[in-house]
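Given next are the chains, with one letter for each unit.
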Amino acid sequence: MELLKKNKRIINVDETWLGMADFRRRKWCRRVSNNSVPHLQIAPRISFILGLDTNGQVYISLTQANSNSKIMEIFLLALVRELDKEDPEWRKNTVLMWDNAPYHASPATLKVLQEQKIPTIFTGAHSYDAAPCELFFAAFKKADVNPRWVKTGKR
C-alpha cells in the first residue's frame, strides 16, 4: 500500500501452464474423485508468463518450455527492453512484484534483477489474494481458448 501511496507502478509477474485449450472441464466432484485431465491436449505444454501493472498494462510471453530460471531471465530481459522503450526512467516509479517460486528467487534470476537494476518486492508463497495475475489467469481459463482447434506445437 505504501508503494501505491507514493504513486509507484507495480508490475505483478507470474506464470501458469497451458496444457490444454478447453478449460470448461471444471465441475463439482466428490472429495475423493479427480478433476484433472488424464492427458495434455497441448504437448509440449505452453508456459504463459504475465506481467500485469497497476495501470492495466499487460505484458505476455508464451513459450513451449518449462518455466525455470532461464525462461524467467529471457522474460525479464524482454520486459526491460519494452519498459525502456516506453520510458527510459521507468525504474524510478516502477516495482516488480512476484511470489517466491524457486525460479523467481534463484541466484540466476536475482543476478539478472540486480544487473538490470529492477526494483523488486517478493510476496509470500501462495499469496493469491495479492497477485492480480491470478485473477487474469482465472478469467482466461474460463472457456475454450482454441475453439477452432488450430494446431499448436513446434511443427
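Our structure is the block above this text.
Residues numbered from 1 in each chain as written. Predicted model: local features only at pLDDT ≥ 70, side-chain atom pairs only at ≥ 80, totals over all residues. Heavy atoms only, no water.

Caption draft 1: Representation of the pattern of salt bridges. If you walk through the whole model with that rule in mind, you get 8 salt bridges. The partner of Glu89 in a salt bridge is Lys92, and the shortest N-O contact between them spans 2.8 Å. Overall, the relative accessible area of 61% leaves Lys92 in the exposed class. The network of salt bridges with common partners includes Arg9, Asp53 and Glu86. (Salt bridge = Lys/Arg side-chain N within 4 Å of Asp/Glu carboxyl O. Buried < 20%, exposed > 50% of the residue type's maximum accessible area, 1.4 Å probe, protein only.)

Caption draft 2: Seen up close, the pairing of strand S4 (residues 94-98). Among the 5 residues of S4, 5 are classified as buried, and the element is accordingly described as predominantly covered. Burial along S4 is two-sided: the face carrying Thr94, Leu96 and Trp98 and the face carrying Val95 and Met97 are both buried. Bridging between strand S1 (residues 9-18) and S4 involves 4 bridges; their strand directions are parallel. Bridge pairing in S4 places Asn12 opposite Met97. Two strands pair when backbone bridges link them, and S4 and strand S5 (residues 120-122) are joined in this way by 3 bridges, in the parallel orientation. Across the sheet, the residue bridging to Met97 is Ile121, located in S5. In terms of handedness, the path from S4 via helix H3 (residues 107-115) over to S5 forms a crossover that is right-handed. (Helix = DSSP H or I, 4+ residues; strand = E, 2+ residues; numbered from the N terminus. Pairing = 2+ DSSP bridges. Right-handed = clockwise from strand over helix to strand, strands pointing away.)

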